[in-house]
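Working through the structure, step by step
Okay, here's what each chain looks like letter by letter:
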Amino acid sequence: MFTMLRICFCLSVVVHFAVSQEAEEPITYTCTEGYEFDVEKQSCKDIDECKTVQEACKGGMKCINHFGGYLCLPHNAQIIVSNGEAETTTAPPVDTGVRRVVQPAVPPISSGTYSRVIPGSSYTLQCSAGFILDSQNFCRDVNECATTNPCQHQCYNLIGSYICQCEVGYELASDSVSCQDIDECDFSNYMCQFQCVNQPGGYQCACPEGYQLQGTRMCQDVNECETGHNCREEDMCWNYYGGFRCYPRNPCREPYVKTGEGRCRCQSPSVCRGLPPVIVYKYMSIFSERQVPADIFQIQATSVYPNMVNTFTIKSGNEGGEFYLRRSSNVSAMLVMTKPLTGPREHVVDLEMVTQSNVLSYRSSSLLRLTIIVGPYPF
C-alpha cells in the first residue's frame with residue numbers, strides 16, 4: 001500500500017510540472033529600428049552604424065552616430081547636442097501577454113526636458129531637449145529651426161538637435177549659433193595690389209590717388225593728361241605712374257632756339273663754343289623699385305653716313321652709378337638701369353653722342369637730356 005501511494009505521488013508531481021511547462025510560453029524581445037536588445041541590461045541599446053555599416057557615408061562625408069540611426073555630414077560641420085547629467089529614465093515595458101516590446105532608452109535628461117506622468121501608474125516619461133512626447137508616448141524630434149530659429153544665419157534641423165551655418169564671408173562664433181565676420185585681409189598681404197579694406201561679409205581692394213581699380217585687386221594708372229589737368233597753355237602735360245607733371249612746350253634757352261618738338265639748336269657756333277650744338281629733350285616714366293638690370297631707353301643716330309663712327313657716353317646724372325650705356329651698334333646704344341630707383345622722384349640724365357670721321361676730318365656732337373619720372377609705387 002505504501003509503495004502504491006509513493007508511485008501515485010511521483011506521478012502527480014511529474015504531471016504538475018509538465019502542465020506548468022506547457023502553460024508558460026517563451027518571452028521574446030524586439031526593439032525599434034536602429035536599436036538592439038541588450039540581454040545583460042534587459043533594455044534596447046543604440047546600434048553604432050558608423051562601425052557596423054561598411055562605407056556608411058560616401059563622397060568624403062563623415063559618419064556621426066545618432067539615436068536610432070546615423071548622419072553623413074561635412075567634416076567642418078558643427079553639431080550642437082544637448083548633454084545632460086541626470087539619470088536616464090526609460091519607458092516601462094509594455095506587456096502584451098506573451099510578447100514583450102521594450103522601448104529604447106531615452107537620451108540623458110538636460111535642461112528644457114519634457115516629462116509626462118502616465119495616468120494610473122507611478123511612471124514618468126521624460127524626453128531630453130530636442131524631443132517632445134507625442135500622443136503615443138514616443139519622443140519625437142522638435143524642429144528648432146521652425147519653432148525658435150536659434151541661428152543668426154542658416155539653421156538645419158537634425159534629429160534631437162540642429163546645426164548653424166553662416167553665409168559667405170562669415171564664420172560661426174564660439175557659441176555655435178551666431179556668425180562673425182571673417183577678416184579676409186588678414187589671410188595674406190597679396191589679397192590686393194595696394195590696400196585691402198575689410199567689409200561685413202567680404203572685402204574690397206582700394207587704390208592710391210592717381211590709380212583706379214582694374215578688376216577686383218589690380219590698380220591701373222589714371223592718365224590725368226587725358227582725363228583732366230591744370231597745366232598752363234604754354235606747358236605740356238606728361239603723365240607718369242601715379243600722377244602727372246607740367247613741362248614747358250619750348251624747353252630751349254638762350255643761346256638755343258626751338259627747331260622741332262623738344263629739339264633745340266644753337267644758331268651761333270661762336271657763342272656755343274664748348275657747348276653741344278643740339279640738345280634733344282625726352283621724357284619717360286618708370287615704376288618705383290623696378291627690378292634691375294633693366295633696359296629702359298635706346299639712343300640712336302638719326303643720320304647714317306659712310307666712314308662715320310658714333311660714340312655714346314653718359315655726361316651727367318649718373319653720380320650714384322644707377323646707369324650704364326651698352327653699345328648696341330655703330331648707330332645706337334641702350335641705357336641700362338643697374339640700381340632700383342625709389343619714387344616719387346625726377347632723375348635727369350644727359351646722354352651724349354659724338355659723330356666723327358677721320359677720313360673727312362669731321363666731328364659733331366649732340367646731347368639727349370632724358371628726364372626719368374619715377375612713380376611712388378612699384379606698379
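First, a word on scope: everything that follows refers to the structure included in this document. No experiment lies behind these values; they were computed from the predicted model shown.

The secondary structure content of the protein amounts to four helices and 30 strands. Of the contacts formed within the protein by residues at least 6 apart in sequence, a portion of 39% connects residues at least 24 apart. If you sum the accessible surface of the protein, you get close to 24,100 Å²; carbon and sulfur atoms cover 51% of it.

Summed over the entire model, instances satisfying the criterion amount to 14 disulfides. Between the sulfur atoms of C266 and its disulfide partner C272 the distance amounts to 1.2 Å. Taking the sign of the torsion about the S-S bond as the criterion, the disulfide between C266 and C272, at about 85°, is right-handed. One exposure class covers both C266 and C272, and it is buried.

With that out of the way, let us pick up the sheet that holds strand 30 (residues 362-374). The sheet built from six strands is open, its strands ordered 22-23-24-30-29-26 with mixed pairing. Every other strand in the sheet has two partners, leaving strand 22 (256-260) and strand 26 (309-316) as the edge strands with one partner each. Between one strand axis and the next, the sheet turns through 30° on average, direction left out of account. By the bridge criterion, three bridges tie strand 23 (residues 263-266) to strand 24 (residues 278-286) in an arrangement that is antiparallel. Across the sheet, C264 pairs through a bridge with I279, a residue of strand 24.

All right, on to the side chain of E322 then. Within the element layout of this structure, E322 appears in the loop between strand 26 and strand 27 (323-327). R345 provides the closest opposite charge to the buried, unpaired E322, separated from it by 5.0 Å. Looking at E322, its side chain comes within polar contact range of the main-chain nitrogen of G320, at 3.4 Å. Apart from the residues within four sequence positions on either side, E322 is in contact with G317, V336, M337, T338, K339, L341 and H347.

Time to look at the environment of D183. Within the fold, D183 resides in the loop between strand 15 (179-181) and strand 16 (195-199). For the pair D183 and G169, spaced 14 residues apart in sequence, the C-alpha separation works out to 8.2 Å.

Burial analysis of strand 20 (residues 235-240) places five of its six residues in the buried class, the great majority of the element. Of the strand pairs in this sheet, strand 20 and strand 21 (residues 243-248) are connected by six bridges, and their pairing is antiparallel. Along strand 21, the bridge assignment pairs D235 with P248. Here strand 20 folds back onto strand 21, and the loop between the two strands holds two residues, one of which, G242, carries a positive phi near 100°.

The rules behind each value
Residues numbered from 1 in each chain as written. Predicted model: local features only at pLDDT ≥ 70, side-chain atom pairs only at ≥ 80, totals over all residues. Heavy atoms only, no water. Helix = DSSP H or I, 4+ residues; strand = E, 2+ residues; numbered from the N terminus. Contact = heavy atoms within 4.5 Å. Areas by Shrake-Rupley, 256 points an atom, 1.4 Å probe, with all protein chains shown as cover. Disulfide = S-S within 2.5 Å. Buried < 20%, exposed > 50% of the residue type's maximum accessible area, 1.4 Å probe, protein only. Pairing = 2+ DSSP bridges. Axes fitted to C-alpha atoms, helices over the stretch in contact; angles between N-to-C directions. Lys, Arg positive; Asp, Glu negative; His and termini not counted. Salt bridge = Lys/Arg side-chain N within 4 Å of Asp/Glu carboxyl O. Polar contact = N/O pair within 3.5 Å; in protein donor to acceptor, adjacent residues only side chain to side chain.

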